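# Descriptive analysis of the structure
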Amino acid sequence: MTTMTDPPQGSFRLSMLLYDTRYRSMTFQAIALLTLIVAIAYLTNNLLVNLAAQGLNISYGFLADPAGYDIDQRLIEYDNQMSHSRAALVGVLNTLLVAFLACMMATIFGVIAGVLRLSKNWLVSKLMAFYVEIFRNIPVLIWIIIIYTIMTAVLPPPNAFRGDNATSSMLMDMFAFTNRGIYLPAPVWGPGSMVVVAVFIASVFGVFAYRRYAKTLLYSTGQLLPTGWPSLVILLVPTILMYFIMGRPVGLDTPALQGFNFRGGIKVGAPLIALWFALSIYTGAFIAENVRAGIQAVSKGQTEAAGALGLRPGRIMNLVVLPQALRVIIPPLISQYLNITKNSSLAIAVGYMDITGTLGGITLNQTGRAIECVLLLMLFYLTISLSISAIMNVYNNSVKLKER
Amino acid sequence: MKKSVFLGALTVAGLAAGAAAAGTLDDVKARGTLNCGVTTGLVGFAAPDANGEWKGFDVSVCRAVAAAVLGDATAVEFVPTTGKTRFTALASGEIDMLARNTTWTFSRDVDLKFTFVGVNYYDGQGFMVPKALGVSSAKELDGATVCVQTGTTTELNLADFFRANNISYDPVPIETNAEGQQQYLAGACDTYTTDASGLAATRATFENPGEHALLPEIISKEPLGPLVRHGDDEWGDVVRWTLNALITAEELGVTSANVNEMASGSTNPEVKRLLGTEGTLGEMLGLDADWAMRAISSQGNYGEIFATTIGEETPIALSRGLNAQWTNGGLIYSPPFR
């Protein structure tokens, strides 16, 4: 008979939770977590009990009821007999529209201003410094209101275009700048127009294919093909040819003064323009600083080495400095895009019907379902922000320094 | 950090909900001031004057309630509310009563859980246009751009009116009356629509009021009145009967000038009951006997308030119309003090 002795094991005693440094911090964290859960549970319960006591029940049934109000700037079909959820969708699309437009324009403003701020030209760099400091240090709400007020006060009302002695006239008989918004010609898609569009899309791919071909040819054989004018030819010539072959199927619907307003064409409302422009110049100033920081983070040796290889300054910036600067620029750029999206909720100040204006404004008010509407709003902004963040992170991963 | 903000918000929500359940009359007495929600500024109805003192038709209702409950017509904290914030402010207990030309509707009364204590102005929605526009009827407004305050019944009436007449319009949503005025004057909208009284009040502040006309169509019924939260009937009674006291005072000929001598000298039993020299009406309300007398002597009766704030002698120049006493063919009618 053999006796097996277990190896000595440190037996776990309850007191070790307090006295043993290995476990102590876990004990305290567990206690803290428990307290937090209890506190949140108590407060949530308190909230629900009080809501019930006030006779406020959470219900989303109102979303199916007819909204009863109209929205002038919209991307999809909508009238006042459609449901509150449809109105909310109009608002969602309006939010996305202004956020998208403002992100694009802010990036353009920001990159130009950021690069120019580092210019050796004293006047240019000081002008850009002036732009950055003025625009980022005044709240964006003020900018929105200023631009909107200036637009409504300075631009002529539609009736200034009327009559024989009109004080205003349309630009090229196509564009009308009024204090209610800008009217642009709208394309009219006739039969066969889809072929033209398809050809155009194919041309765009063709341009990319040609440029890739030119690049591989350059790397493999050293033969340099021109890319500028052939790209333009590939892009435009087939489309224009097809346009005439199909018998000019794409027409223009130009705005014209009818009754009280311009009719026809595309109306870009004054609130949208004010919001778009204000968000762009405001956030552009922040992006300019990000771009400047990114460029300055690229070692000067890179510029000098590129110069020693004989690259021209423009190419040094485009081919050597900016690609490396991007990995410093992108992460803060993500948060600027998020800021634009969230700041677009200031649309309410100028009556642009974004999601805050429709669901969080009129619907909330007409139905009195404040808690429900605000919860939906929070969910929407959270989803959008996290999506933008996710997309930009994918992009960031593609441009960041590859460590091999 | 984020968690603590969240917890804080929950706590505030919980506390506010708790506070709202207590008796408002006791709260107001304990606080010593009345929190009254008014507009952000509509001349004649509620707007601060040159000295920063709130004046107007709705303001007088607030002051009358303060005089009745607290004995001091100036013990009112005016909380300016927009069309969108007013109901939240009232429901959350931030204000004790709302006197902000608010239309009494079914869903506000029933679904939003408010109690409308009466009507102090019978209004209807109208349109204002520049005379230069050459429009004489609202039905000619096909395709017009219309400035409308968001979150109001006006917005819904507007949609209904245009739909019923099968004509189209572009809405320009605005937040406050001042904003609407600015947009309208800049020509960013062809017409401005809100309650006819509000249009008259707004027009009165224009540089050239004569260049603007109100269209003849009144497209809705807008009974405007003060409201309180549902479920606190004692407080609702106080506000309701203060308003009724002002109306009854006009009917019985009690004015701010003669209220004292009427109280001692009148032989009319209803005047005596109203002014507290007979009966115990004040006690039933949870107030003292002089409550109505204080309200009337500080603000005047309904007719006096109307005349000094929005009447024909004022720049707003509204006639009594529907808002005359029932004895004069109007709709203003108070249940008896008995």
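Counting restarts for each chain: residues are numbered from 1 in the order of the written sequence. Naming scheme: in the order in which they are written, chains are lettered from A and ligands are numbered from 1. Side-chain atom pairs in this predicted model are given and counted only at pLDDT of 80 or more, local residue features only at pLDDT of at least 70, and totals for whole chains, interfaces and linings cover all residues. Excluding hydrogens and water, the side-chain values take into account all heavy atoms of the structure.

A word on the nonpolar core. Counting 71 residues, the largest nonpolar core has Y131, L275, Y337, Y352, I355 and L359 of chain A together with Y192 of chain B as the members making the most contacts within it. Counting only elements with at least two residues in this core, the list comes to α3 (84-117), α4 (122-136), α5 (140-154), α8 (270-297), α10 (313-343), α11 (355-367) and α12 (370-399) of chain A together with β10 (169-174) of chain B. When residues of this core are assigned to their parent elements, the largest contribution, 14 residues, is made by α8 of chain A. In what follows, a contact means two residues having at least one pair of non-hydrogen atoms within 4.5 Å. Leaving out residues up to four positions away in the same chain, Y352 of chain A has contacts with Q73, N94, L97, V98, P271, L272, L275 and A347 of chain A. The next biggest cluster of nonpolar side chains, apart from the first, holds 59 residues, and it includes V38, M97, A245 and I305 of chain B. Each nonpolar core is a collection of buried residues, namely Ala, Val, Leu, Ile, Met, Phe, Trp, Tyr and Cys, held together in the definition by side-chain atoms within 4.5 Å. Each residue's exposure class comes from its accessible area (1.4 Å probe, protein chains only) as a fraction of the maximum for that residue type: buried when under 20%, exposed when over 50%, partly exposed otherwise. Secondary structure elements are taken from DSSP: a helix is a run of H or I of four residues or more, a strand is a run of E of two residues or more, and numbering for both begins at the N terminus.

With 46 residues of chain B at the contact, the number on the chain A side is 40 residues. Here's the idea: put two parts together, see how much 1.4 Å probe accessible area each one loses, and the total over both is what we call buried area. Across the chain B/chain A interface, buried area totals approximately 3400 Å², and carbon plus sulfur atoms make up 54% of it. A side-chain nitrogen of Lys or Arg and a carboxyl oxygen of Asp or Glu constitute a salt bridge if their distance falls within 4 Å. Linking chain B to chain A there are two salt bridges. One salt bridge in this structure joins R180 of chain A and D190 of chain B, with 2.6 Å as the shortest N-O distance. The set of elements that each furnish at least two residues to the side of chain B that touches chain A consists of α1 (2-21), α4 (86-91), β9 (144-149), α6 (153-164), β10 and α7 (177-185) of chain B. Of all the elements, α1 of chain B adds the most residues to the side of chain B that touches chain A, at ten residues. Only Asp, Glu, Lys and Arg are considered charged in this grouping, and only Ala, Val, Leu, Ile, Met, Phe, Trp, Tyr, Cys and Pro are considered nonpolar; every other residue, Gly among them, is considered polar. The residue makeup of the side of chain B that touches chain A, split by class, is 22 nonpolar, twelve polar and twelve charged.

Quick look at the domain arrangement of chain B now. All names here are of chain B. Splitting chain B by domain gives domain 1 (23-122 + 224-328) and domain 2 (125-220). Note that the domain bounds reflect an automated or database-derived domain assignment. Relative placement of domain 1 and domain 2: their C-alpha centres are 29 Å apart. Between domain 1 and domain 2, the contact holds 19 residues from the first and 16 residues from the second. Interface area for domain 1 against domain 2, summed over the two sides, is near 1200 Å², with a carbon-plus-sulfur share of 60%. Counting the surface domain 1 buries against domain 2, the share from its top three residues, L42, K84 and I316, is 29%. Where domain 1 meets domain 2, there are zero salt bridges. As used in this structure description, the phrase polar contact means that two N or O atoms lie within 3.5 Å; if the pair is within protein, one of them must be able to donate a hydrogen and the other to accept it, and residues adjacent in sequence are counted only when both atoms belong to side chains. Across the domain 1-domain 2 interface, the total number found is zero residue pairs in polar contact (both at pLDDT 80 or more).

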